[in-house]
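A closer look at the structure
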Amino acid sequence: MTAPFDLVIRGGTVATASDVFAADIGVRDGRIVQIGEALGEGAETIDATGRFVLPGGIDSHVHLSQPSGEGITMADDFESGTRSALFGGNTTILPFCLQEKGQSIREALKCYHALAEGQCYTDHSFHMIVSDPTAAVLGQELPALVADGYTSFKVFMTYEGLRLNDREILETMDVARRTGALVMVHCENEDAIRYLIGRHEAEGDVAPRAHATTRPVAVEREATHRALSLAEVVDVPVVIVHVSNGPAIEEIARARARGRKVIGETCPQYLMLTADDLEGMDWEGAKFVCSPPPRDKASQDACWTGLESGTFDLFSSDHCPFRYDDSAGKLNPKGRTSFRHIPNGIPGVETRLPILFSEGVMKGRIDLPRFVALTSTNHAKVYGLERKGRIAVGMDADIAIWDPAARRTIRHADLHDGADYSPYEGVPIQGWPTDVILGGKVMIRDGALEGRKGDGRYRPRALPRL
Ligand code: URP
Ligand code: ZN
Ligand code: ZN
């Protein structure tokens, strides 16, 4: 007689976004088909006694293979980036597809699909970055792409060549209103940043630290307020991504108090780093250059409070990796002349979940259901991944088994991304994913890779459930 299950995960403590309970999980044909006591043996059985059985992480903010300026290369492609994500307990990631000026977004998506096809260790889908919202893009292309399962797009208020003006943001938000898609906004005031960069450079202040001082809290707070106001004018929900500080969080809380639907996201760098990390001999501070910049202890505390209280719905990595000691990375020839030329972004897709588990769950700041909500379930709801983010019958068997007693120290040498450093080098961690299962297939067993590139597949998405 054949076993009724392809896989049984036995004896573990299961956590969902609402409950923690002891149960076995039965998997067949890639889906969870039964949750209960004493399910018996499957064709394959994993003993999870003493471990937590959680939905696989969904990291909805990841950059891979994204063009990042002349002579600059991102440190991860889809192979290394998804392998690193998998080792960090993730089963799905949402990278960005950048529309270059003058390019059709469908053409851009074709290129990203070609880069990802057959290379991925996790499931994936794409957000679109709208950099050129022409009448054709707004009128035809975006609505058709939303219907095809690309149900979210990001707009930037900063970065020359990428930023949209307010009118363009309003018009892009209007596509979301018409289609039900979701707009994500990078909130920093580019004109204010340009003004401050000019002042610093005129004074010869060009070291990495100036990256933080030219992007102060006021720059983010103003843009957050403006993005929320524009979304209110159009009457659409909005995602405020990578929020770094208390005043920006207050803007979100105020908009919600006015009845607005706002989704807030923060990232590990805003819990673990400060602007002081951007100091450094030999430009070492370049390792921590990302936007918005990490700030101070009070901002870290505000982000923790936001995670605990529910202001934040999403905890993502904003993995945007560049090698440090590399002429195509942080220390490119121009980057050595001014902070302005240091590519923005830091690696973190593999360390996102262990950091929040260790600093949040193990230190008693958040409970396990909140961890699951912030790292998996909410991402699935917000971005329309209908069969993901939950341990429930009928869902994809995307599961991470965690050993809460595992103690490690973050060392880049042990990670699997393509960068040459981790911003979290030396951070002690308690709790690490030991086994990761994607669609019922054991991809990582006892910390060792068993899955193959190409096991992760593209997943079109439904509209957000907000
Ligand atoms: O510095 C960052 N975060 N770079 C990544 C691009 C972005 O704005 O998300
Ligand atoms: Zn951004
Ligand atoms: Zn980003």
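Scroll up a little and you will see the structure.
Throughout this document, residue positions are counted from 1 along each chain, in the order its sequence is written. Working convention: letters from A go to chains and numbers from 1 go to ligands, in the order in which they are written. Local features in a predicted model are, by the rule used here, given only for residues with pLDDT of at least 70; side-chain atom pairs are given and counted only at 80 or more, and totals for whole chains, interfaces and linings are based on all residues. Where side-chain values are given, they derive from all heavy atoms of the structure, hydrogens and water being excluded.

On to the pattern of salt bridges. The working definition used for a salt bridge is a side-chain nitrogen of Lys or Arg within 4 Å of a carboxyl oxygen of Asp or Glu. Scanning the entire structure with this criterion turns up 39 salt bridges. Between Asp-398 and Lys-388 there is a salt bridge; the shortest N-O distance is 2.6 Å. Placement of Asp-398 in the loop between α12 (368-382) and β15 (399-409) and of Lys-388 in the loop between α12 and β15 is noted, with a sequence separation of 10 residues between them. Relative accessibility thresholds used throughout: buried, under 20% of the residue-type maximum; exposed, over 50%; partly exposed, between the two (1.4 Å probe, protein chains only). For Asp-398, a relative accessible area of 6% translates into the label buried. Assessed through its relative accessible area of 5%, Lys-388 is described here as buried. One salt-bridge network, held together by shared partners, links Arg-31, Asp-123, Arg-387, Lys-388, Asp-396, Asp-398 and Arg-459. In this description a helix means any DSSP run of H or I spanning at least four residues, a strand means any run of E spanning at least two, and both kinds are numbered starting from the N terminus.

For the purposes of this section, nonpolar cores are sets of buried Ala, Val, Leu, Ile, Met, Phe, Trp, Tyr and Cys residues that join through side-chain atoms within 4.5 Å. Counting residues in each nonpolar core, the largest one holds 115 residues, and the members touching the most others are Leu-142, Phe-153, Met-173, Val-185, Ile-240, Leu-356 and Phe-371. Two domains each donate at least three residues to this core, and these are domain 1 (5-54 + 392-449) and domain 2 (58-369). In contact with Phe-371, not counting residues within four places along its chain, are Leu-54, Leu-353, Leu-356, Phe-357, Val-361, Ile-366 and Trp-402. Membership of the second largest hydrophobic core comes to 16 residues, among which are Ile-25, Val-27, Ile-46 and Ala-397. In this entry, domain limits derive from an automatic or database-based domain assignment. Should any heavy atoms of two residues lie within 4.5 Å, those residues are counted as being in contact.

Lining the immediate environment of ligand 1, one finds 13 residues, of which His-63, Lys-154, His-186, Ser-291 and Asp-318 sit closest. In protein, a polar contact requires one atom able to donate a hydrogen and another able to accept it; more generally it is a pair of N or O atoms within 3.5 Å, and residues adjacent in sequence count only if both atoms are side-chain atoms. Within the side chain of His-61, a nitrogen or oxygen atom sits 3.3 Å from an oxygen atom of ligand 1. The side chain of Lys-154 places a nitrogen or oxygen atom 2.9 Å from an oxygen atom of ligand 1. Summary of the distance rule: residues count as near a molecule or strand when at least one heavy atom falls within 4 Å of that molecule or strand.

Looking at the secondary structure, you find Asn-332 in the loop between β14 (314-315) and α11 (352-361). Residue class for Asn-332 comes out buried when judged on its relative accessible area of 5%. At 3.1 Å, the side chain of Asn-332 and the backbone nitrogen of Lys-334 are in polar contact.

Looking now at the packing of aromatic side chains. Put simply, two rings from Phe, Tyr or Trp (the six-membered ring, in Trp's case) pair if the centres are within 6.5 Å, and we call them stacked under 30 degrees between planes, edge-to-face over 60, tilted for the rest. Enumeration according to the criterion identifies 10 aromatic pairs in this entry. Ring plane angle 25° and centroid distance 6.3 Å describe the contact between Phe-126 and Tyr-458, whose orientation is recorded as stacked. On the criterion of sequence distance, the pair formed by Phe-126 in the loop between β8 (123-124) and β9 (127-129) and Tyr-458 in the segment after β18 (448-449) is long-range, its members being 332 residues apart. Taking the relative accessible area as the measure of exposure, Phe-126 reaches 0% and is therefore buried. Grouping aromatic residues by their ring pairs yields a cluster made of Phe-78, Tyr-112, Phe-126, Tyr-150 and Tyr-458. The rule is short: NZ of Lys or CZ of Arg within 6 Å of the ring centre and within 35 degrees of the ring normal puts a charge over the ring. Here the guanidinium or amino end of Lys-287 rests over the ring plane of Tyr-324, the centre of that ring lying 5.0 Å away. Above the face of the Trp-304 ring, Arg-365 is positioned so that its terminal group lies 4.2 Å from the ring centre.

Every protein donor of the zinc ion (ligand 2) is accounted for by Lys-154 (NZ), His-186 (ND1) and His-242 (NE2), and the metal-donor separations fall at 2.1 Å. The motif formed by the donor residues of the zinc ion (ligand 2), counted along the single chain, is K-x31-H-x55-H. Donor selection uses N, O and S atoms within 2.8 Å of the metal (3.2 Å for Na, K and Ca). Since no water is included, sites may look incomplete. Separation of the zinc ion (ligand 2) from the zinc ion (ligand 3) amounts to 4.0 Å. One end of the pair, Lys-154, is in strand β10 (residues 152-156); the other, His-242, is in the loop between β12 (238-240) and α8 (246-257), with 88 residues separating them in the sequence.

The element strand β6 (residues 57-62) is largely enclosed, with a buried count of 6 among its 6 residues. Direction of pairing for β6 relative to strand β7 (residues 90-98): parallel, over a ladder of 4 bridges. Looking at β7, one finds that Val-62 is bridged to Pro-95. A pair of strands counts as paired when DSSP detects no fewer than two bridges linking them.

Another aspect to go through is the pairing of strand β17 (residues 441-445). In the sheet, strand β16 (residues 428-438) pairs with β17 via 3 bridges, with the strands oriented antiparallel. When the bridges of β17 are listed, Ile-437 appears paired with Val-442. In this antiparallel pair of consecutive strands, β16 and β17, the connection spans 2 residues, and Gly-439 shows a positive phi of 55°. One ladder, built from 2 bridges, connects β17 with β18; its direction is antiparallel. In the sheet register, Ile-444 faces β18, and the bridge partner there is Leu-449.

Scope: geometric values only; no functional claims are made or implied.
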